[in-house]
Structures are given as structure tokens and as C-alpha cells.
Amino acid sequence: MSGRGRQGQPGTDLYPMLSVEEATEQLLAYFQTLEPETVPLLESLGRVLAEDVYADVDIPPLSNTAMDGYALRAADTAGASGAAPVALHIVADLAAGYVSEVLVVPGTAIRIMTGAPIPEGADAVLPFEDAERNGKVVRIVRPVQLKANVRDAGEDVHKGELVLHRGRRIRPQDVGMLATVGRKQVQVTRRPRVAILATGDEVVEVDAPLGPGKIRNSNSYSNAAQVLATGGVPVLLGIAHDQVEDLTAKIRQGLAQKVDLFLTSGGVSVGDFDVVKQVLAAEGEMTFWRVRMKPGKPLAFGRIGGVPLLGLPGNPVSAMVSFELFARAAILKMLGQRNGERPSVEAALVDGMKSKDGRRHFVRVRVEEKDGAYQARLTGDQGSGRLSTMVEANGLAIIPEEWSSAPPGSKVRVMMLEGDL
């Protein structure tokens, strides 16, 4: 697929501008869940589970006490009061990790520690602080309810029960559950390798001197951080000049490293020196290169050397927002993660803004809660070169295409970039 328009650019008639949904659907069709791999339990934290996990035993495996106290028969305490206390003989002590060989029979009790299995014959536990002990006798001044302070076998999880679903990103509590069901090793999805390449004669490495007209390569590091945060492995390839030969060589170097996705930034608009689309059309196939959104209208996508390539815009905000909407979705699909969408809230815009270009706007905002409702305040001028507005933002307010303006107080959906408000 190499249809070209003027100045060697792919013909726009072959690649109409897509909606965000259309672009997402076409892009995700190129990706499948990657193969699983087995890792030690602690290394599974933050990874995506590649198997359903079932309990191998009841949890807890035996009925046990929820606190230190006396294991007894609830019926023995019926009618107990300060005026008529019940006296029970202590016939044994039982610590956690041991099973009592002594039965609780009428008129007896066993001193028991938290987590110890309930002795046979007992059906309740009286806390130490609610009893009076005198040598081998415990005095009880009020009735004890049946099953009081007893945790039943299987109360948490039954043997054979599904405890963790495939596609779940593993959290610390999930690691604890995996340990509880005896999983020292876990199957997780292989992390996708994502090649990252900046383009442009104006771009220099972050530690290079800034000559006239030069800018530092922030995009590669922003995008690499986004890859890491999503669960992928970034493969930094440096910078390609605005020359077809140099860009082609850099892309081939990346493909040789067996990547699952190729990300470039810059070189995808309509200028004479924007060469990503040229290389993509010449070396592989291109699916689309324009999306009805702001920031991020120029967005090239296709496949080269059998690997999907997403050409992000060069402006830093555009590159990050485009990653959020498209590259993140692709990585999550490769990971097989369920429910990976960012959470969203409805918020009232504090600042008004105009939107007359027929594109869906993703506006950098700071969301705060006030009087039980959310408010979204713009983090500054919405120019796509203002990375500081992303630094201050915790969400992207979504202004629909059909809106001509969004006056103050407008209720909008905000895609949250952070969990805290």
C-alpha cells in the first residue's frame, strides 16, 4: 500500500480522517495477546496473570480462633451472670500451628491462641479479657454465642474456587493470595518490547549542547516512561534525521531487536521533511495517518517488517496524549489485561473554551472534589508544545466533536491519568 499524493506524501484520498473509535478499532485488529512465561512469585507483581488460579485447599483449612481466649461449648455458658458465674476447668493450652489431642467436654475449656484450630467439642471462643481465671478454672459472667470468634474452614475461599482471573494485573494482595494457595511460581504474559525512535534534525540527546534551533529529545523518555507504566519494555533507539535513508536504517535496527510494537515521534504531518509516512508506505503498509482529535491529528499507523508501527506526532503533549489513547491500548491488548481502561469521572469545567474545528479535544485539567462534586480546571494554555500542562494535569477532559464551545460549568467526562484526586 503506497498510494502517494504531492511531494511524495501518501495520498489523503486513500487515508480519510478517522474518528478516535475508528482508529482504535483498526489499530487493535493488528494485536493479539502475547505468549505466557513463568516467573517467581515476587516477580509477578505488576505483571498480567496469564492463567486462572484456583484454590488448592480450603482457606482457612481448619476452623480456627479469631483471637486469644478460651475454646468452650457455648451451651455451657447459658445463664451465666455476675451473680451466677459459670466455672469451667482448663484442661489444655493450644498454640497456633498445633492441633489439640484433648477434647472439650461439658464443663471444660481449652486456653487457645489466635489462629489455632478449634478443638473437637468446642463451638465458641471467649476472649481472655471477658473471663476471670483462677488457676485451672475460668469464671464466665455472661453467655457466649454459638460460633463466637470462630473462623470456619473455607470461610474465605473453598477448595477448587477461582481466586484470580486470567488478565488481572497482579497487586500486592494478589501476591498474598497466590502464596496462600501455594503458588511459588506464576504464569504471566510476556511483556511486549516497544521500540522508541525520535525523528527530526532539530532533536538532540538530553545531555547534548543545545545549539541554535535544537531541542532535547524529551519524547523518547516520556514515551518510554509510558511504556514502562503500562507494562511494556521500552527499547530506546535514539534519534533519526529527517532523511528517508537514516530513518529506514534506524527502523531496521529496531526490527532486528525483535520488538512487538514500533513507536516513532515526529515526521507524520504534511511537511516536506516529515518522512515517517514515506518510509512506512515504501517499506511496509499504512492503514491511516489522520485522526479527528486534538492534540494529535497526525498519527500514522501501519506495519513494517511484520511489526505494527505507530507514528506519534512530534509535539510533546500530542505524543503523550496519542500514546494514552492508542499505544497504551495496544500494549494492554498484547498483555491480555482485562479492564485496562482509565477510570473516568464527570466534572464541571471551571474554565470555558472554544472548540470549532470538528475534532474531539482532550484537554489537560486538574480535577478536584468540592462540595461532593468534581471540578476540572485547565492547567494552562492548551498548546501542544506545552509539556508543563501535562505535568500539572491529573486528567484529560473530553470535549465532543459536535460541541462548538464548552462554557464554564459545562459537564464533561474526564479520563483520569492518576488515581488520586
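One structure accompanies this document, and this report is about it.

The rules behind the values
Residues numbered from 1 in each chain as written. Predicted model: local features only at pLDDT ≥ 70, side-chain atom pairs only at ≥ 80, totals over all residues. Heavy atoms only, no water. Helix = DSSP H or I, 4+ residues; strand = E, 2+ residues; numbered from the N terminus. Buried < 20%, exposed > 50% of the residue type's maximum accessible area, 1.4 Å probe, protein only. Core = buried A, V, L, I, M, F, W, Y, C linked by side-chain atoms within 4.5 Å. Contact = heavy atoms within 4.5 Å. 1 Å grid on protein atoms, 1.4 Å probe; cavity = no way out; pocket = protein on both sides within 12 Å on 5 of 7 lines; lining within 4 Å. Points joined across faces, edges and corners; volume = space filled by probe spheres on them. Nonpolar A, V, L, I, M, F, W, Y, C, P; charged D, E, K, R; others polar.

This brings us to the environment of Tyr-30. Take Tyr-30: it is sitting in the loop between helix H1 (20-28) and strand E1 (36-40). On the accessibility criterion, Tyr-30 (25% relative accessible area) is partly exposed. With 109 residues separating them in the primary sequence, Tyr-30 and Arg-139 have C-alpha atoms 73 Å apart.

With that settled, the discussion passes to the nonpolar core. By size, the foremost hydrophobic cluster in this structure holds 37 residues, and its most contacted members are Leu-310 and Phe-326. Breaking this core down by element, the ones donating at least two residues are H1, strand E13 (193-199), helix H3 (218-230), strand E17 (261-265), strand E20 (298-304), strand E21 (307-312) and helix H6 (316-335). Counting residues per element, this core draws most heavily on H6, at 12 residues. In this view, Leu-310 contacts Leu-27, Phe-262, Leu-263, Thr-264, Leu-299, Ala-300, Phe-301, Phe-326 and Ala-327; residues no more than four positions away in its chain are not counted. Counting residues in hydrophobic clusters, the runner-up holds 21 residues, among them Tyr-15, Ala-240, Val-268 and Ile-304.

Looking now at the layout of surface pockets. Empty space within the largest pocket amounts to approximately 540 Å³. Along its surface, the largest pocket is lined by 19 residues, and Leu-325, Ala-329, Glu-341, Arg-342 and Met-415 are the ones closest to its centre. For the lining of the largest pocket, the secondary structure elements donating two or more residues are H1, H6, strand E24 (360-370) and strand E28 (411-416). A breakdown of the residues in the lining of the largest pocket according to their chemical character gives eight nonpolar, three polar and eight charged. Forming the boundary of the second largest pocket are 26 residues, of which Glu-202, Asn-219, Gly-266, Gly-314 and Asn-315 lie nearest the centre. Elements supplying a minimum of two residues to the lining of the second largest pocket: E13, strand E15 (215-216), H3 and H6. Classifying every residue of the lining of the second largest pocket gives eight nonpolar, 14 polar and four charged.

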